[in-house]
Every structure is written in C-alpha cells, then in structure tokens.
Amino acid sequence: MPMNPPSSSTSGTSPQGRLILDASAIRRALRRLAHEIIERNPQLAALVLAGIPSRGVEIAERIAALIEEFEKTRVETGVVDVSMHRDDVGKRADLPIVRASRLPVPLDGRTVVIVDDVFYTGRTARAAMDAIGTFGRPARIQLATLIDRGHRELPIRADYVGKNLPTAAGERVRLRLENVDGEPDAVWLVREDAL
C-alpha cells in the first residue's frame, strides 16, 4: 500500500532538508507495520519486539502499543544493543556508547522482531542478530524498520518496511521522534554537504 505524501503545508525543503514523513505519516506507517506483524505472527504471546537504541526502541514500543490496541494482547519489548557486535568496532576513532541489552528470556521458541529506525547497509541488523544469539536461540528472527534507504552491503532484507526511500550516496535520512529527540516526529532527507 503506497504511503500518502506529506500534506502540502508541511512538504518542501527547509534547513533540515526535504520532508519525507510528518508525524501523521509516521503514525500511519507504524499502524501498517503493526498490522503486518499481527498477520504474520498469529501467536502474539510468543512475540518479542527488540528495538535497537535509541530510536528503534521507541519505534518498538509504539508498535507494541498499537498491537495491544488492535488485538488486546500485550507484546513484550526489549532493547538489543549492537555496540560491541559491530564489525567496525575496532576501526572507529571513538569508542561506541554501550547500553545494556534487555530482552525477556528465555527466547527459545519465540519470534524476535528486531526494530530499527533506518535500514541501510545491513551491518547493524547483522550485529543485532549476533547480540540476540547471546540470549538464546529464538524460533525465528524478523526485521522491521520505519525507513529502508537501500545501499545494502550484506544479503539481509527487512520483513516489514514503513517506507522505502531510495537515496543517493551523498544523502542522509534524519529521523526525529518527540520522545527521544524533543522535536516533532518527522523524517527528513538531507544532503551531507548541508550538515
């Protein structure tokens, strides 16, 4: 189902870049993601939504709240930190900020949906799968993302996508969420030279 473009009153270009999704479009995308997850996972009690810090955690919690609203079933959420599982951890100039992973255990026999904000090369998703493996062996792992911007470097694809957004190499996706950033919910496409 195609996403509606942002309303004309909020579309266009600003110092933040080109608006891709406003708050209402993000809400619609999350509602659709929640419905798709429900359709593919009839045993909601066995479902865990594991967000990648920091915006992935917020998105996971919003999707879990929507599933509970639609199905009257509480879905467990968790946090999966990928900092020490990244393949570039030894090559970075600065040390990564390590946050505590928090997942409901045991994971055996459960479906874990990794939730990320922007899906790009696939390396973060691979690191998240490695991190989840330290907590147990889920029956299956799925991936949900609000934005898929392409440019994959690994053979990994998202199972649930809020919006596919083809981007150029010199562009970045800037996602802001009220509860994380203190700014209104919005997704912007920004040229790197404008940062």
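Scroll up for the structure.
Note that the structure is predicted; figures quoted are calculated from it, not measured. (Residues numbered from 1 in each chain as written. Predicted model: local features only at pLDDT ≥ 70, side-chain atom pairs only at ≥ 80, totals over all residues. Heavy atoms only, no water.)

Participant: Is there a simple way to think about the packing of aromatic side chains in this case?
Facilitator: For any pair of aromatic rings, geometry is given as the distance between the ring centres together with the angle between the planes. Overall, the coordinates contain 0 aromatic pairs when judged by the stated rule. Lying across the ring of Tyr120, Arg149 places its NZ or CZ 4.0 Å from the centre. (Phe/Tyr/Trp six-rings, centres within 6.5 Å; stacked < 30°, edge-to-face > 60°. Lys NZ or Arg CZ within 6 Å of the ring centre and 35° of its normal.)

Participant: Would you mind going over the side chain of Arg176 with me for this structure?
Facilitator: Examined against the element boundaries, Arg176 turns out to sit in strand S8 (residues 171–176). In this structure Arg176 comes out as buried when scored by relative accessible area, which is 18%. (Helix = DSSP H or I, 4+ residues; strand = E, 2+ residues; numbered from the N terminus. Buried < 20%, exposed > 50% of the residue type's maximum accessible area, 1.4 Å probe, protein only.)

Participant: Whenever I open this one, the nonpolar core confuses me. Can you help?
Facilitator: Note that soluble globular proteins tend to have their nonpolar side chains buried in a common cluster. Counting 33 residues, the largest nonpolar core has Leu49, Ile63, Ile67, Leu146 and Val187 as its most contacted members. Looking at this core, the elements with two or more residues in it are strand S2 (17–21), helix H1 (23–40), strand S3 (47–51), helix H2 (55–71), strand S5 (111–119), strand S6 (140–148), S8 and strand S9 (186–191). Among the elements that make up this core, the one with the highest residue count is H1 (8 residues). In this structure, Leu49 is in contact with Ile37, Ala60, Ile63, Ala64, Ile67, Val75, Glu76, Thr77, Gly78, Val113 and Val115, ignoring residues within four places of it in sequence. Core analysis: the next-biggest nonpolar cluster, separate from the first, contains 19 residues, Val80, Phe119, Ala125 and Ile156 among them. (Core = buried A, V, L, I, M, F, W, Y, C linked by side-chain atoms within 4.5 Å. Contact = heavy atoms within 4.5 Å.)

Participant: Quick question: what am I supposed to make of the sheet that holds strand S4 (residues 76–79) here?
Facilitator: Either a parallel or an antiparallel arrangement is found when strands of a sheet pair, and the pairing is made through backbone hydrogen bonds. One open sheet holds the 5 strands; their spatial order is S4-S3-S5-S6-S7, and the pairing between them is parallel. One side of each edge strand has no neighbouring strand; the edge strands of this open sheet are S4 and strand S7 (160–164). Direction aside, the axes of adjacent strands within the sheet are offset by 25 degrees on average. Relative to S5, S3 runs parallel, the two sharing 5 bridges. (Pairing = 2+ DSSP bridges. Axes fitted to C-alpha atoms, helices over the stretch in contact; angles between N-to-C directions.)

Participant: I keep staring at the packing of H1 against H2 and nothing clicks. Help me out?
Facilitator: The relative placement of two packed helices is expressed as an angle between their axes plus a distance between the axes. Where H1 contacts H2, the axes come no closer than 9 Å and their chain directions differ by 65 degrees. Viewed along their axes, H1 and H2 form a crossing whose handedness is right-handed. Contacts from Ile26, Leu30, Arg31, Leu33, Ala34, His35, Ile37 and Ile38 of H1 reach H2 at Ile59, Arg62, Ile63, Leu66, Ile67, Glu69, Phe70 and Glu71. Looking at the contact of H1 with H2, its residues break down into 11 nonpolar, 1 polar and 4 charged. (Left-handed = near helix turned anticlockwise from the far one by under 90°. Nonpolar A, V, L, I, M, F, W, Y, C, P; charged D, E, K, R; others polar.)

Participant: Sorry if this is basic, but what is going on with H2 here?
Facilitator: An α-helical segment advances 3.6 residues per turn. Residues three or four places apart therefore align on the same side. Its 17 residues give H2 an end-to-end C-alpha distance of 24 Å, which sits within 8% of 24 Å, the value for a rise of 1.5 Å per residue. Considered for burial, the residues of H2 that qualify are Arg55, Gly56, Val57, Glu58, Ile59, Ala60, Arg62, Ile63, Ala64, Leu66 and Ile67. Of the residues one or two after H2, Lys72 is the one with positive phi, at around 60 degrees. (Expected span 1.5 Å × (residues − 1).)

Participant: Would you take a moment to explain unusual backbone geometry for this structure?
Facilitator: For residues that are not glycine, phi is negative in most cases, and the peptide bond is trans in most cases. In this model, Pro53 is joined to Ser54 through a cis peptide bond whose omega is 0 degrees. Of note, Ser54 is situated in the loop between S3 and H2. Cis geometry marks the peptide bond from Val105 to Pro106, where omega comes out at 5 degrees. Residue placement: Pro106 occurs in the loop between S4 and S5. The residue Lys72 is not glycine, and still its phi comes out positive at about 60 degrees. Within the secondary structure layout, Lys72 lies in the loop between H2 and S4. By relative accessible area, Lys72 is classed as exposed at 69%.

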